Amino acid sequence: MDDKRKVCIIGAGPCGTSALFHFDQISDSSTEVVCYEKSDRWLGLWNLTWMTGTDEYGEPCHGGMYKHLWSNGPKEGLEYPDYTFTDHFGKSVPSFLPRPVIRDYLEGRLVMKSKSDLKQFIKWNTSVRYVRYNKQSDDFTVTTEDLKTGHTSDSNFTHVIVAVGIFNSPEKPYFDGIETFPGRIIHSHDFRDATQFKGQRVLVVGAKYSAEDMALQCMKFGAKSIVTSYRSSPMNYKWPIGIEERPLVKKIIGKVVHFLDGSSSEFDSIILSTGYKYKFPFMETSLRLTSSSTLYPASLYKGSLWLQGGNRKLFYMGVQHQFFTFTMFDAEGLWICRYITDTLPNKLKSCEEMKKEAQKWVQRCNSLKDIHEQIDFQADFIKDLSDETEYSSDVPKANTFFHKWDNDKRANIVTYRDQQFKSLYSGTESAPCSKPWFQNFDDTIGAFV
Ligand code: FAD
Ligand code: NAP
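Residues numbered from 1 in each chain as written. Chains lettered and ligands numbered in written order. Predicted model: local features only at pLDDT ≥ 70, side-chain atom pairs only at ≥ 80, totals over all residues. Heavy atoms only, no water.

Chemist: Break down the domain arrangement of the protein for me, with residues and values.
Modeler: Under the domain assignment, the protein is made up of domain 1 (5-168 + 276-405) and domain 2 (178-272). For domain 1 and domain 2, the distance between their C-alpha centroids amounts to 32 Å. At the interface, 23 residues of domain 1 touch 13 residues of domain 2. Taking both partners together, domain 1 and domain 2 bury about 1,300 Å²; carbon and sulfur atoms supply 51% of that area. The largest share of the area that domain 1 buries against domain 2 comes from Tyr-66, His-68 and Tyr-276, three residues that together contribute 40% of it. The interface formed by domain 1 and domain 2 includes one salt bridge. Ionic pairing is found between Asp-193 and Lys-67, a salt bridge with its closest N-O pair at 3.3 Å. If you look at where domain 1 meets domain 2, you find 10 residue pairs in polar contact (both at pLDDT 80 or more). When its residues are assigned to classes, the side of domain 1 that touches domain 2 shows 12 nonpolar, 10 polar and one charged. (Domains from an automatic or database assignment. Contact = heavy atoms within 4.5 Å. Buried area = accessible area lost by both parts, 1.4 Å probe. Salt bridge = Lys/Arg side-chain N within 4 Å of Asp/Glu carboxyl O. Polar contact = N/O pair within 3.5 Å; in protein donor to acceptor, adjacent residues only side chain to side chain. Nonpolar A, V, L, I, M, F, W, Y, C, P; charged D, E, K, R; others polar.)

Next comes the structure, spelled out in structure tokens:
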């Protein structure tokens, strides 16, 4: 391999495209970038698919978003400093937006702010099958499959960025007798449309964001009653009539579900909202990140540089539990881009120094006491990346939005999406919602803009 850097990005979701965006901004002629995307669309989860299980190529379906999904955080908390919602829509829009509107905004930035057509760097319908590090040549061999032709090929790269997301391999716990349940059992990854649960008694297992939204969506679209079942602790929101929380499922006998508190009820459907596994099956074992959901996976310097192999030329993006999303991915993308193109201002640390620094973050992460400390932790993480790259000193200040957001949810879980926020960058106050979220059944772009 000559002196040129050759960078492989795996996945063209919000993370992969952020990395692509920054390489394009830097336009370093000695760096060539190729992005492999297994679907024919960019922006990953923000595309809606009707499919579940496997896709048209027999690949595991990637997306787990559904009809009428609205952002569960205020748009002001995920707004790009260099491309505001007002820049995109030309006017003020509400703080909580449905999926197609967010997708439109994300695409707008990629198209409007890039120097070149980023799509030219993406190899579509191409799934990465294996990545191995070659010690002798100090590079990576990436094996890909063209899903349309079935043709596989090997290419070598100096650097690899893994950006395939962390919400695509569902965690499916077993409960005694679950196979005797006569109704429908799905994981929230396969949930596409809440109207299918109209009139039903629904059990939702899990106690985080999916469980919360499954319960609210089912209620909004006419389910008869919903019980959510928690493993560690209840969500403890002031739920509307018709939603209640119970401890974990103990056993299931036919339609009847028994809970650990001794109670039991009949259900028509079960939705497992039990999260996802970190799964990177295409990575050679020594390069493979294994973790459970955390704000700071171990073995990653600056939350992204893999320290266990690959001679510090392998990166993971977006592998943290997320309050901040697009701006955090963007700050990571810029840092990685600067690292690879050797344009960071400070002298590179030794591997030992990097490991020590990463360890400090992991220790702090493990000591966080509540959601507000977690939010501030993530803001500090972004500040740390920004300090080296001058990404933005304002982005971490969005922590105040997330503190308010959690307080709003505690005050009223049904109306938190009706609240308004003010942009950090444009100063624009968000527009009031035309209808409260709970009564708004129109998630089209036309209804918003
Ligand atoms: P993804 O969006 O998952 O994109 C990864 C890409 O990699 C995909 O295009 C996929 O096709 C591709 N890929 C995967 N494997 C391969 C392979 N082997 N080879 C080639 N390509 C591959 N965030 C918010 O900010 N607000 C929300 O309201 C919100 N709602 C969410 C709702 C749900 C149900 C879920 C699951 C997540 C939600 N998120 C939300 C978080 C979401 O993870 C991020 O917004 C964002 O999509 C993560 O981007 P990503 O690029 O890391 O991953
Ligand atoms: P998650 O945050 O990882 O939560 C998983 C939940 O499942 C936790 O409550 C966990 O319990 C529980 N769980 C895991 N294994 C279990 C088991 N064996 N038995 C019982 N319970 C188990 O995953 P998520 O809620 O799916 O959220 C994933 C992402 O999707 C988040 O980024 C979220 O913001 C996003 N999302 C957004 C929306 C939206 O409205 N825009 C909707 C859905 C999801 P413990 O608490 O005990 O760990």
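After that view of the structure, there is still more to cover.
Chemist: With reference to specific residues and values, describe the side chain of Thr-158.
Modeler: Here Thr-158 lies in the loop between β6 (152-157) and β7 (159-162). For Thr-158, a relative accessible area of 10% gives the class buried. (Helix = DSSP H or I, 4+ residues; strand = E, 2+ residues; numbered from the N terminus. Buried < 20%, exposed > 50% of the residue type's maximum accessible area, 1.4 Å probe, protein only.)

Chemist: Break down the packing of aromatic side chains for me, with residues and values.
Modeler: Across all of its chains, the model carries 33 aromatic pairs by this definition. Both rings, one in Tyr-209 and one in Trp-405, keep their centres 6.3 Å apart while their planes meet at 20°; by these two values the pair is stacked. Placement of Tyr-209 in helix α4 (residues 209-220) and of Trp-405 in helix α8 (residues 399-411) is noted, with a sequence separation of 196 residues between them. By relative accessible area, which is 23% here, Tyr-209 ends up partly exposed. Between Phe-323 and Trp-405, the ring centres sit 6.4 Å apart and the planes meet at 80°, which makes this aromatic pair edge-to-face. Taken together, the residues span a long stretch of sequence, with Phe-323 in the loop between β18 (314-316) and α5 (326-340) and Trp-405 in helix α8 at a distance of 82 residues. Assessed through its relative accessible area of 7%, Phe-323 is described here as buried. The cationic tip of Lys-6 hangs over the ring face of Phe-157; the distance from NZ or CZ to the ring centre is 4.8 Å. Of note, Arg-417 hangs over the ring of Trp-437, and the distance from its end group to the ring centre comes to 4.7 Å. (Phe/Tyr/Trp six-rings, centres within 6.5 Å; stacked < 30°, edge-to-face > 60°. Lys NZ or Arg CZ within 6 Å of the ring centre and 35° of its normal.)

Chemist: So what's going on with the environment of Leu-248? Residues and values would help.
Modeler: Secondary-structure assignment places Leu-248 in the loop between β11 (243-247) and β12 (249-253). Residue classification places Leu-248 among the buried positions, given a relative accessible area of 18%. As for Leu-248 and Gln-363, which are separated by 115 residues in sequence, their C-alpha atoms are 30 Å apart. The residues contacting Leu-248, other than those within four sequence positions of it, are Phe-175, Val-205, Ser-229, Tyr-230, Arg-231, Phe-259 and Leu-260.

Chemist: Please provide a residue-by-residue account of the environment of Lys-302, values included.
Modeler: Looking at the element boundaries, Lys-302 is found in the loop between β16 (300-301) and β17 (305-306). Between the C-alpha atoms of Lys-302 and Ile-336, which are 34 residues apart in sequence, the distance is 9.2 Å. If sequence neighbours within four positions are ignored, Lys-302 has contacts with Tyr-296, Trp-335, Glu-357, Phe-381, Asp-384, Leu-385 and Glu-388.

Chemist: Provide a residue-level description of the site of ligand 1, including the pertinent values.
Modeler: Near ligand 1 you find 30 residues, and of these Cys-15, Glu-37, His-62, Val-128 and Thr-325 are the closest. The contact in question runs from an oxygen atom of ligand 1 to an N or O atom on the backbone of Pro-14, over 3.3 Å. Take Cys-15: an N or O atom from its main chain is 2.9 Å from an oxygen atom of ligand 1. When isolated, ligand 1 has an accessible area of 990 Å², and the protein chains bury 92% of it. For the shell around ligand 1, the elements supplying multiple residues, two or more each, are α1 (14-26), β4 (126-134) and α5. When residues of the shell around ligand 1 are assigned to their parent elements, the largest contribution, three residues, is made by β4. Across the shell around ligand 1, the residue classes break down as 16 nonpolar, 12 polar and two charged. (Near = heavy atom within 4 Å. Areas by Shrake-Rupley, 256 points an atom, 1.4 Å probe, with all protein chains shown as cover.)

Chemist: Before we move on, can you summarise the packing of α1 against helix α3 (residues 99-112) with the specific residues and values?
Modeler: Relative orientation of the contacting elements α1 and α3 amounts to 20°, with a least axis distance of 10 Å. Between α1 and α3, the angle falls in the class roughly parallel. Crossing handedness for the pair α1 and α3: left-handed. Counted together, Pro-14, Thr-17, Ser-18, Phe-21 and His-22 of α1 and Leu-106, Arg-109 and Leu-110 of α3 form the full contact between these two elements. Counted by class, the contact of α1 with α3 contains four nonpolar, three polar and one charged residues. (Axes fitted to C-alpha atoms, helices over the stretch in contact; angles between N-to-C directions. Parallel < 35°, antiparallel > 145°, perpendicular 65-115°, else oblique. Left-handed = near helix turned anticlockwise from the far one by under 90°.)

Chemist: Can you lay out the site of ligand 2 for me, pointing to particular residues and giving the numbers?
Modeler: Taken together, 20 residues lie near ligand 2, and Ala-207, Ser-210, Arg-231, Ser-232 and Arg-417 sit nearest. Separating an oxygen atom of ligand 2 from a side-chain N or O atom of Asn-72 is a distance of 3.1 Å. In the model, an oxygen atom of ligand 2 is placed 2.9 Å from a nitrogen or oxygen of the Ala-207 main chain. Two domains each put at least three residues into the shell around ligand 2: domain 1 (5-168 + 276-405) and domain 2 (178-272).

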